[in-house]
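# Coordinate analysis (summary)
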Amino acid sequence: MRILVVEDDAGIASGLRTNLQQRGYAVDVCDGVASAWSALRTERFDAVLLDLGLVDGDGSELLRRLRLSPAGEAQASVLPDPATPVLIVTARDQVHQRIAGLDLGADDYLTKPFNVDELDARLRALLRRAAGRTSPTIRHGDIELDPAGRTVRQKGKPVDMSPREFSVLLVLLESRGRVLSRQQIEERLYSWDAAIESNAVEVHIHHLRRKLGSACIQTMRGVGYFMPQEERS
Ligand code: CA
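This one's a predicted model, so the numbers in the text were calculated from it and none came from an experiment.

The next point concerns the environment of Ile3. Here Ile3 lies in strand 1 (residues 2–6). A residue is classified by how much of its surface remains accessible, and Ile3, at 0% relative accessible area, is buried. Distance in space between the C-alpha atoms of Ile3 and Val27 is 5.0 Å, their sequence separation being 24 residues. Every residue in contact with Ile3, bar those within four places of it in the chain, is listed here: Leu20, Tyr25, Ala26, Val27, Asp28, Phe45, Ala47, Leu49 and Leu123.

Shown next, in the form of structure tokens:
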């Protein structure tokens, strides 16, 4: 899952980056409205952590612009995606400020100083809602993935996997029934500065098939990968 951190305090930004990376997120950081807007227009993020006082303006301006952007016909392919979940993280802690932030289109609001575990739990809740899930764990056939504990079980037994394999599986599960290209998967796994080996996604998928069964991830030749939708939802 890829997160855009919009934060002009370098210390907070780097602390968030380190913490979220340790929790398996790909993290990109912008310090202003203009740079964040151009990031949202060029890359797909699963969520945005938005500070309000930024180097070149107010984060609420970015939020307003994002929410007003056209959804387009095939929403999944349009950028910026106005449905991107946004969590405001700010020192502005007055009740009227929180209400204004939520009414402007933020999905959640956290005040500084914050606890990183709580921030991560709120982020998980946002991602869960964005994926249309009600359960905190994701079940698919005999596979159960727990985003909070970052564990995977199959038929109730733990399946050992690397952080990247876990992330690939999570991305595919959250997009069940839809074909994702290698590039779409890479975009969700790697930040701008990450070095990507050209066949990394193929290798992770190869390992996942070996561990979970070859039928669990299917290939649509020349297009990408998908996990078939189950008959019951
Ligand atoms: Ca700030």
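This brings us to the sheet that holds strand 10 (residues 151–154). Spatial ordering of the open sheet is given by 8-9-10-11, a layout of four strands whose pairing is antiparallel. Edge positions in the open sheet fall to strand 8 (138–140) and strand 11 (157–159), since each of these has one partner strand only. Taking the axes of each pair of neighbouring strands and ignoring which way they run, one obtains an average angle of 25 degrees across the sheet. The sheet strands contacting helix 6 (residues 163–174) are strand 8, strand 9 (143–146) and strand 10, and the helix crosses strand 9 at an angle near 110 degrees. Docked against the sheet, helix 8 (residues 200–212) engages strand 9, strand 10 and strand 11, running at close to 45 degrees with respect to strand 10.

Right, let's talk about the packing of aromatic side chains for a bit. As enumerated under the stated definition, the model contains one aromatic pair in all. Ring geometry for Phe45 and Trp192: centres 6.3 Å apart, planes at 85 degrees, overall edge-to-face. Of this pair, Phe45 sits in the loop between helix 2 (33–42) and strand 3 (47–50) while Trp192 sits in the loop between helix 7 (182–189) and helix 8, and the two are 147 residues apart along the sequence. For the cation-ring pair, Arg65 lies above Trp37, with the distance from its terminal atom to the ring centre recorded as 5.3 Å.

Per the domain assignment, the segments making up the protein chain are domain 1 (2–130) and domain 2 (138–226). Averaged C-alpha coordinates put domain 1 and domain 2 at centres separated by 25 Å. A per-residue breakdown of the area domain 1 buries against domain 2 is headed by Arg2, Asp28 and Arg124, which together make up 33% of the total. The tally of links from domain 1 across to domain 2 stands at one salt bridge. Mapped by element, the contributors of at least two residues to the side of domain 1 that touches domain 2 are strand 1, strand 2 (26–30) and helix 5 (116–130). Considering every element that reaches the side of domain 1 that touches domain 2, the biggest residue donor is strand 2, with five residues.

Let us look at the nonpolar core. Membership of the largest hydrophobic core comes to 42 residues, with the highest contact counts inside it found for Leu20, Leu49, Val152, Leu169, Leu172, Ile185 and Leu212. With seven residues, the single largest contributor to this core is helix 6. A domain split of this core shows at least three residues from each of domain 1 (2–130) and domain 2 (138–226). Residues within four places of Ile185 in sequence aside, it is in contact with Val168, Leu172, Leu180, Val201, Ile205 and Tyr225. Residues Cys30, Trp37, Leu63 and Ala106 belong to the second largest nonpolar core, which totals 20 residues.

Reading guide: rules and limits
Residues numbered from 1 in each chain as written. Predicted model: local features only at pLDDT ≥ 70, side-chain atom pairs only at ≥ 80, totals over all residues. Heavy atoms only, no water. Helix = DSSP H or I, 4+ residues; strand = E, 2+ residues; numbered from the N terminus. Buried < 20%, exposed > 50% of the residue type's maximum accessible area, 1.4 Å probe, protein only. Contact = heavy atoms within 4.5 Å. Pairing = 2+ DSSP bridges. Axes fitted to C-alpha atoms, helices over the stretch in contact; angles between N-to-C directions. Phe/Tyr/Trp six-rings, centres within 6.5 Å; stacked < 30°, edge-to-face > 60°. Lys NZ or Arg CZ within 6 Å of the ring centre and 35° of its normal. Domains from an automatic or database assignment. Buried area = accessible area lost by both parts, 1.4 Å probe. Salt bridge = Lys/Arg side-chain N within 4 Å of Asp/Glu carboxyl O. Core = buried A, V, L, I, M, F, W, Y, C linked by side-chain atoms within 4.5 Å.

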